[in-house]
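# Examination of the molecular architecture
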Amino acid sequence: MASTAPFTVKWGIMATGWIAEMFTKDLLTNPVTRGVHDVRHQVVAAASSTAKDRAASFLEKVGAASTTKAYGSYHELVADPDVDIVYVATPHSHHFQNAMLAISAGKNVLCEKALTVTAAQARQLVETARAKGVFFMEAVWTRYFPISIKVRELVSSGAIGNVYRVVADLSVGRDAPEGKVDFDDSHRMINVDLAGGALLDLGIYSLTWVFQTLYHLQPEEDKEAPKVVAAINKYHTGADETTSIIVQFPKHKSQGIALTSLRVGTDVDGLNSGGPAIRIQGSSGEIQVMGPAYRPLQYKVINKDGGGEIEVVDCPIPKDPERNWGHGMFWEADECARCLRDGKVESETLPWSESIVIMEVMEEALRQGGVTYPELITSDVYDAQGALNTGKR
Ligand SMILES: NC(=O)C1=CN([C@@H]2O[C@H](COP(=O)(O)OP(=O)(O)OC[C@H]3O[C@@H](n4cnc5c(N)ncnc54)[C@H](OP(=O)(O)O)[C@@H]3O)[C@@H](O)[C@H]2O)C=CC1
Ligand SMILES: O=C1OC[C@@H](O)[C@H](O)[C@H]1O
């Protein structure tokens, strides 16, 4: 039997920070080492908003091929005809403008979470992607982990009965003396100019677990918009430091509780002694997922009538032995490749409509908590030559 060559996608990396490095190293792994034979990835270019040298050092650091192009501006990257898809890895403050830049240039886009700062920005991106006929996806990598797929299957097959409540936490315990947290005030985690705050950075993963188990699996004709009640403690920079959200689906008799904090940690001692990060509670049992919520590695199924027998399943992340690397972001990249191959403009695992609803929930929570961000980063007026696209700081 003749074997089909894998479909190859050519990536352009926008920004050279921490997550750009993690993701690009994942792209450079051999898909066969994770059992994937139908798609593969090529990194053809990377861009820094400030200097070509920075992009060149980045490419060297990640071990890209010597032919990979280094650009000193995002504009040059999106103009490169060799780039099939742009990975936007800037702070969330910049996502709207940077993703618009790429989509307007006719590029497919995978954009880091949180997708945008406001729901209106997310809606506009979706409308622009639709009009341009390009693929667009929020990079919530966790949704594409085999563990997430398995948990969604368990829930939809009724393995724990009707699911009525999900409690999910992603908190990092960075409390510091004198009312501070252990990040500089300029750090993107708490800097409102960069859309900092626990919710947009971390709470989105708690919401991911609530949404992928309670909302995503609702039948299309029965999709229920959530009601939202939130409590927020603000940091002195104005960003949220501890946020708790109740997401209610009254028609489905279900509730999600999404928690996040910079003060206390989900994992108290680094050994998961605090218990699961996620509890999915059904009428006949419970699924527990061990954290961190963004990169979980184990789940447990506990049945009401199981007589104490608990199924524990480890889901390790495969490493490419040649590169000694595997972070888990390659699964979302594989999804992008398959969507491009199949001519899809959105991913069924995280449809545009769901990214928008989640942005609406976060926006409402931030409104209830009195968190506001500057006009420059909340505006939904696209400005190709503005500071967010040209690297003027
Ligand atoms: N999926 C995941 O697991 C993770 C996702 N993230 C998401 O990725 C995004 C980036 O986070 P991270 O990589 O940690 O951030 P970094 O600060 O490490 O990198 C951000 C990069 O964005 C570019 N940039 C452009 N303008 C600015 C600006 N004004 N200030 C700072 N950087 C700027 C810079 O690259 P250059 O100078 O080259 O243009 C910089 O290196 C965030 O939205 C975050 O939520 C982050 C961590 C994990
Ligand atoms: O997306 C993320 O996941 C990992 C965290 O460490 C990081 O702060 C966050 O941006």
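Residues numbered from 1 in each chain as written. Chains lettered and ligands numbered in written order. Predicted model: local features only at pLDDT ≥ 70, side-chain atom pairs only at ≥ 80, totals over all residues. Heavy atoms only, no water.

### Things to note about the pattern of salt bridges
All told, the structure shown has 21 salt bridges when counted by the stated rule. A salt bridge links D80 to K69, with the shortest nitrogen-to-oxygen separation between them at 2.8 Å. Residue D80 is found in the loop between α3 (74-79) and β4 (85-88), and its partner K69 is found in strand β3 (residues 69-71); the two are separated by 11 residues along the sequence. You can call D80 buried: its relative accessible area is 5%. (Salt bridge = Lys/Arg side-chain N within 4 Å of Asp/Glu carboxyl O. Helix = DSSP H or I, 4+ residues; strand = E, 2+ residues; numbered from the N terminus. Buried < 20%, exposed > 50% of the residue type's maximum accessible area, 1.4 Å probe, protein only.)

### Here's the deal with the packing of helix α4 (residues 92-104) against helix α5 (residues 119-132)
Each pair of packed helices can be described by the angle between their axes along with the distance between the axes. Close contact between α4 and α5 brings their axes to 10 Å; oriented N to C, the two are set at 5°. In terms of axis orientation, α4 runs roughly parallel to α5. Contact residues: F96, A99, M100, I103 and S104 in α4; Q121, Q124, L125, T128, A129 and K132 in α5. Counted by class, the contact of α4 with α5 contains six nonpolar, four polar and one charged residues. (Axes fitted to C-alpha atoms, helices over the stretch in contact; angles between N-to-C directions. Parallel < 35°, antiparallel > 145°, perpendicular 65-115°, else oblique. Contact = heavy atoms within 4.5 Å. Nonpolar A, V, L, I, M, F, W, Y, C, P; charged D, E, K, R; others polar.)

### Thoughts on the sheet that holds strand β1 (residues 7-14)
Ordered in space as β3-β2-β1-β4-β5-β6, the six strands form an open sheet in which the pairing is parallel. Edge positions in the open sheet fall to β3 and β6 (136-139), since each of these has one partner strand only. Shown here is a sheet whose adjacent strand axes are inclined to one another by a mean of 30°, direction ignored. Bridge count between strand β5 (residues 108-112) and β6: four bridges; the pairing is parallel. In the sheet register, E112 faces β6, and the bridge partner there is A139. (Pairing = 2+ DSSP bridges.)

### Section: the site of ligand 1
Near ligand 1 lie 25 residues; those nearest to it are T16, S49, Y74, H92 and K113. One of the side-chain N or O atoms of Y74 is found 2.5 Å from an oxygen atom in ligand 1. Relative to its unbound accessible area of 880 Å², ligand 1 is 87% covered by the protein chains. For the shell around ligand 1, the secondary structure elements donating two or more residues are α1 (18-27), α4 and α7 (198-215). For the shell around ligand 1, the element with the highest residue contribution is α4, accounting for three residues. Among the residues making up the shell around ligand 1, the classes are represented as 10 nonpolar, nine polar and six charged. (Near = heavy atom within 4 Å. Polar contact = N/O pair within 3.5 Å; in protein donor to acceptor, adjacent residues only side chain to side chain. Areas by Shrake-Rupley, 256 points an atom, 1.4 Å probe, with all protein chains shown as cover.)

### Digging into the UniProt feature "domain: Gfo/Idh/MocA-like oxidoreductase N-terminal" (unreviewed entry) in the protein chain
UniProt tags residues 10-137 as "domain: Gfo/Idh/MocA-like oxidoreductase N-terminal" (unreviewed entry). Annotated as residues 10-137, this span is 42% helix and 22% strand, and its ends, taken at the C-alpha atoms, are 16 Å apart. (UniProt positions renumbered as here; feature names shortened; annotations may be inferred.)

### So, the packing of aromatic side chains
Under the counting rule described, the total for this entry stands at 10 aromatic pairs. Between W141 and F145, the aromatic rings sit 5.3 Å apart at their centres with planes inclined by 80°, giving edge-to-face as the arrangement. A residue is classified by how much of its surface remains accessible, and W141, at 4% relative accessible area, is buried. On the numbers, 5.2 Å between centres and 55° between planes, the contact of F211 with Y215 is tilted. (Phe/Tyr/Trp six-rings, centres within 6.5 Å; stacked < 30°, edge-to-face > 60°.)

### A few points about the pairing of strand β11 (residues 278-282)
Here strand β7 (residues 163-171) runs beside β11; their pairing, made up of five bridges, is antiparallel. Across the sheet, V166 pairs through a bridge with I280, a residue of β11. For β11 and strand β12 (residues 285-290), the ladder comprises four bridges, and the chain directions are antiparallel. Paired with I278 across the two strands is V289, which belongs to β12. Here β11 hands over to β12 after two residues, the two strands then running antiparallel side by side.

### Considerations on helix α9 (residues 352-369)
In an α-helix, one turn spans 3.6 residues; hence positions three or four apart end up facing the same way. Under the 1.5 Å per step criterion, the end-to-end length of α9 is 26 Å for 18 residues, consistent within 8% with the ideal 26 Å. Within α9, the full set of buried residues consists of W352, E354, S355, I356, V357, I358, M359, V361, M362, A365, L366 and G369. In this structure, the buried residues of α9 make contact with α5, β6, α7, β8 (227-234) and β9 (240-249). Just downstream of α9, G370 is the residue with a positive phi angle, here 75°. (Expected span 1.5 Å × (residues − 1).)

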